[in-house]
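Summary of the model geometry
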Amino acid sequence: MPVCRRFAFISYLCTLNHTFLGMEFTAKQIAELIGGRIEGNSDAKVNAFAKIEEGREGAISFLSNPKYTHYIYDTQSSVVLIGDDVQLEHEVKPTLIRVPNAYEAVARLLQIYESMKPRRKGIHPTASISEKAEVGSDVYIGAYAVIGDGAKVGDGAQIYPHAVVGDGVVIGPESTLYPNVTIYDGCRIGSRVTIHAGAVIGADGFGFAPSAEGYDKIPQIGIVVIEDDVEIGANTCIDRSTMGQTVIHRGVKLDNLIQVAHNCEVGENTVMSAQAGLAGSTKIGSWCMVGGQAGFAGHIHVADRTNVGAQCGVIRNTRGQGEALIGSPAMDPKMFFKAKAIYQHLPEMYRELSQLKREMEQMKQSPLS
C-alpha cells in the first residue's frame, strides 16, 4: 500500500468518534490498509482487538497458529485476519481477511493503534530538573522525575514519574522512560528507545581484583550507549563498561530481567527473552535470537543470526552464521538429542556395566579349568 494512502487512512481513523480510541472501521478499510482479501461482509465494523478464543461482537482477531484453528468456528469476533494457506472445513460467522502472514498483519495494526495514542506533554511541578539541563519541546516529565546537570532530553521524549536521568545523560527524541528507570551519569540513549519500568542503565560493571584483604573494586569509568529503536524490558540491567562503551545496537529488543555485563556488545536487531545473561565483554552478533534463561560466558563472540535455545549455556565462540544451539554446554540440536536419548538409558547401562564388572572379578578369582 502506498505510504500516502496509508497515512490518509490513518488520518481518517483519527477523525472518527466512536468507542475504541475514537475509532470504528470496516473490514474493507482494514483490508485496504494491509493488502488483504475479504471473504464475507466487507462492511463488518470493528472497534477493538481480541484474542480469537475471547472474541466478541465488534472485535477483530487473528489466526496464525494451526493449534487455534478450531476457535474460528465458534468465535464471536466480527473480523478475523487469517493466513492465505489456512484451509477451513466449513463456513464461519466472522468476515475473514486473507493475508500472507496473519501475525505480521495484526502486528502492523497494533502498531498503528499504538501510534495513535495521544502522547503526554508537560512538566510536573514536582519534577527536579537541573538548570544546566537541556530539555526539548513537547516533552513529558512526570512527578518526582530527576534530570541531572548537563543532561539533554530530546524533543517529544517521555520521562515518567520517579525516573532518574543522571548528569550528562543524552536522551534522544521520542524516547520513553517508564517509572523508576535509572540512567546513570554519562550514558547515551538514542531516538525512539523504550525503556520499561525499573530498568537500570549504566550501573557499575562487576569488576573486582582479588587481594590479600579481599577484593578491590576496579572503577568502572566507561558508559552505556543504546542506539535508536531499541526496547528494553522491565528490571533489565545493562552495566557500564570498565573503559569505553557497553553498546546495544539499533533495533535490539530485550525482554524483562536480562543482565548485560560490562563491555558487552549486542548487534543490530537481536532479540533476547527474559532472564538471559551476558558475562563481561561478550559480543553478540546481529539478528540473533536468544531464548529465556540462556547464559553466555565472558569474552566470547556469537556470530550473526545464531539461534540460542532456552536455558542454553554458551561457553565458546560460535562457528558461523545461522547456527542453532541448545543445551548446556551449548551444542548442535542433533547432537543434543542423540546424547539425550543415550542419557535416558544411563541407569540401565550403569547396572549392566556393574554386572559385567562383577562377572569379570569372579572370573579372575576362579581357578582355570
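In what follows, the structure referred to is the one given above.
Throughout what follows, the structure given in this document is the object of discussion. (Residues numbered from 1 in each chain as written. Predicted model: local features only at pLDDT ≥ 70, side-chain atom pairs only at ≥ 80, totals over all residues. Heavy atoms only, no water.)

1. Quick look at the overall build of the protein
Just so we agree on the cut-off: Secondary structure elements follow DSSP: runs of H or I of four or more residues count as helices, runs of E of two or more count as strands, with numbering from the N terminus. Classification of residues uses two cut-offs on accessible area relative to the type maximum, computed with a 1.4 Å probe and protein chains only: under 20% is buried, over 50% is exposed, and between them is partly exposed. Two residues qualify as a contact provided that any one of their heavy atoms is within 4.5 Å of a heavy atom in the partner residue. Values of accessible area rely on a 1.4 Å probe in the Shrake-Rupley scheme; residue burial ignores everything except the protein chains shown. In this count, Lys and Arg are taken as positive residues and Asp and Glu as negative ones, while His and the chain termini are left out. One atom stands in for each charge, and that atom is NZ of Lys, CZ of Arg, CG of Asp or CD of Glu.
In terms of helices and strands, the protein carries five helices and 39 strands. On the principal axes, the C-alpha backbone points of the protein span a range of 100 × 65 × 30 Å. A buried classification covers 43% of the 369 residues belonging to the protein. Put simply, of all contacts in the protein between residues at least 6 apart along the chain, 19% involve residues at least 24 apart. Per element, the accessible surface of the protein, about 20,300 Å² overall, is 53% carbon and sulfur. For the protein, the centre of its 34 positive side-chain charges and the centre of its 40 negative side-chain charges are spaced 3 Å apart.

2. Notes on the pairing of strand β21 (residues 200-203)
Basically, it comes down to this: By the convention used here, strands pair only if DSSP detects at least 2 bridges between them.
With two bridges joining them, strand β18 (residues 182-183) and β21 adopt parallel strand pairing. Of the residues in β21, the one forming a bridge with I183 is I201. Judged from the three bridges that link them, β21 and strand β26 (residues 237-239) form a sheet pairing that is parallel. In the strand pairing of β26, I201 is matched with I238.

3. Section: the packing of helix α2 (residues 27-34) against helix α3 (residues 102-115)
Put simply, the rule is: A fitted line through C-alpha atoms serves as each axis, taken over the contacting stretch for helices, and the angle formed by two N-to-C directions is quoted from 0 to 180°. Under this scheme an angle from 65 to 115 degrees is roughly perpendicular, one under 35 degrees roughly parallel, and one over 145 degrees roughly antiparallel; angles in between are oblique. Only Asp, Glu, Lys and Arg are considered charged, only Ala, Val, Leu, Ile, Met, Phe, Trp, Tyr, Cys and Pro nonpolar, and every remaining residue, Gly among them, polar.
Running from N to C, α2 and α3 cross one another at 105°; their axes reach a closest spacing of 11 Å. Viewed along their axes, α2 and α3 adopt a mutual orientation that is roughly perpendicular. Where α2 abuts α3, its residues I30, L33 and I34 lie against A105, R108, L109 and I112. Of the residues that constitute the contact of α2 with α3, the class distribution is six nonpolar, no polar and one charged.

4. Some points on the side chain of N263
Counting through the fold element by element, N263 comes out in the loop between β29 (259-260) and β30 (265-266). Setting aside residues no more than four positions away along its own chain, N263 makes contact with S241, T242, M243, Q245, T246, S281, T282 and K283.

5. Quick word on unusual backbone geometry
With an omega of 0°, the peptide bond running from S328 to P329 counts as cis. For P329, the position within the fold is in the loop between β39 (324-325) and α4 (333-343). Of note, L257 is a non-glycine position whose phi angle comes to about 60°, a positive value. As for its position among the elements, L257 is in the loop between β28 (253-254) and β29. Notably, H299 is not glycine yet its phi reads approximately 60°, a positive angle. For H299, the position within the fold is in the loop between β35 (295-296) and β36 (301-302). On the basis of relative accessibility, which here comes to 64%, the residue H299 falls in the exposed class.

6. Overview of the pattern of salt bridges
A side chain with one charge can pair with a side chain of the opposite charge if their charged atoms come near. This is how it is decided: One side-chain nitrogen of Lys or Arg within 4 Å of one carboxyl oxygen of Asp or Glu is enough to make a salt bridge.
The full count for this structure, using the stated rule, is ten salt bridges. Residue K51 pairs with E54 through a salt bridge whose shortest N-O separation is 3.5 Å. With a shortest N-O distance of 3.6 Å, R250 and D228 are connected by a salt bridge. Highlighted residues: R250 in the loop between β27 (245-248) and β28 and D228 in the loop between β24 (223-226) and β25 (231-232), separated in sequence by 22 residues. Exposure remark for D228: the relative accessible area of 19% places this residue in the buried category. When salt bridges with common partners are traced through the structure, they connect R37, E39, D84 and R98 into a single cluster.

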